[in-house]
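# Observations on the model geometry
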Amino acid sequence: MDFSFSEMLMVAIIAFLVLGPEQFIKKSGQLGKLLGKIKTQFNNFKVMIEQEIMINETAPINKIEDSSDTAVKESAPDDSDQKGNHGFD
């Protein structure tokens, strides 16, 4: 949610009138700390989700590379089957 400056100012003025100057300052500090903690937790969650997305995006690529390596190994000729014959009888 986006609040304009005028909306936040109006809420602050109403809170100041309801709480009084001492309680307003105290509660403002508590609210600031709470919002800071919420922002930190949200950013940590965001980073964790982005890391999971990166892992899931690269997993199919790694699977394709592994299967292509296996296919190359399986299609390579095996020297032990030829026993020095080199196709001549």
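That block above? That's the structure.
Attention in this report is confined to the structure presented alongside it. Sequence positions are assigned chain by chain, starting from 1 and proceeding in written order. Note on the predicted model: pLDDT of at least 70 is required for a residue's local features to be given, and 80 or more for side-chain atom pairs to be given and counted; whole-chain, interface and lining totals, by contrast, use all residues. Side-chain measures were taken over the full set of non-hydrogen atoms in the model, leaving aside hydrogen atoms and water.

Detection works on a 1 Å grid of protein atoms alone, calling trapped sets that fit a 1.4 Å probe cavities and calling open sets with protein on both sides within 12 Å along at least five of seven lines pockets, with lining residues defined by an atom within 4 Å of a point. Grid points are joined across faces, edges and corners, and a volume is the space filled by probe spheres set on the points. Quantified by volume, the largest pocket comes out at close to 240 Å³. If you trace the largest pocket, you find it lined by Met-8, Val-11, Ala-12, Ala-15, Leu-19, Phe-24, Lys-27, Ser-28, Leu-31 and Leu-35. Secondary structure elements with two or more residues in the lining of the largest pocket: helix H1 (5-19) and helix H2 (21-75). When residues are sorted by character, Ala, Val, Leu, Ile, Met, Phe, Trp, Tyr, Cys and Pro go into the nonpolar class, Asp, Glu, Lys and Arg into the charged class, and all the rest, Gly among them, into the polar class. Residues belonging to the lining of the largest pocket are distributed by class as follows: eight nonpolar, one polar and one charged. For the purposes of this entry, the term helix denotes a DSSP run of H or I that reaches at least four residues, the term strand denotes a run of E that reaches at least two, and both are numbered from the N terminus.

This part takes up a nonpolar patch on the surface. Every patch collects residues that have over 30% relative accessible area and no salt bridge, joining them within 9 Å if they carry like charges and within 5 Å if they are nonpolar side chains (Val, Leu, Ile, Met, Phe, Trp, Tyr). The Shrake-Rupley method, run with a 1.4 Å probe, gives the accessible areas here. Residue values count only the displayed protein chains as cover. We define a salt bridge as a side-chain nitrogen of Lys or Arg found within 4 Å of a carboxyl oxygen belonging to Asp or Glu. A cluster of nonpolar residues, Phe-3, Phe-5, Met-8, Leu-9, Ile-13, Phe-16 and Leu-17, forms a patch on the protein surface that exposes about 760 Å² of accessible area. Tracing the backbone shows Met-8 in helix H1.

None of the figures reported here should be taken as evidence of function without further support.
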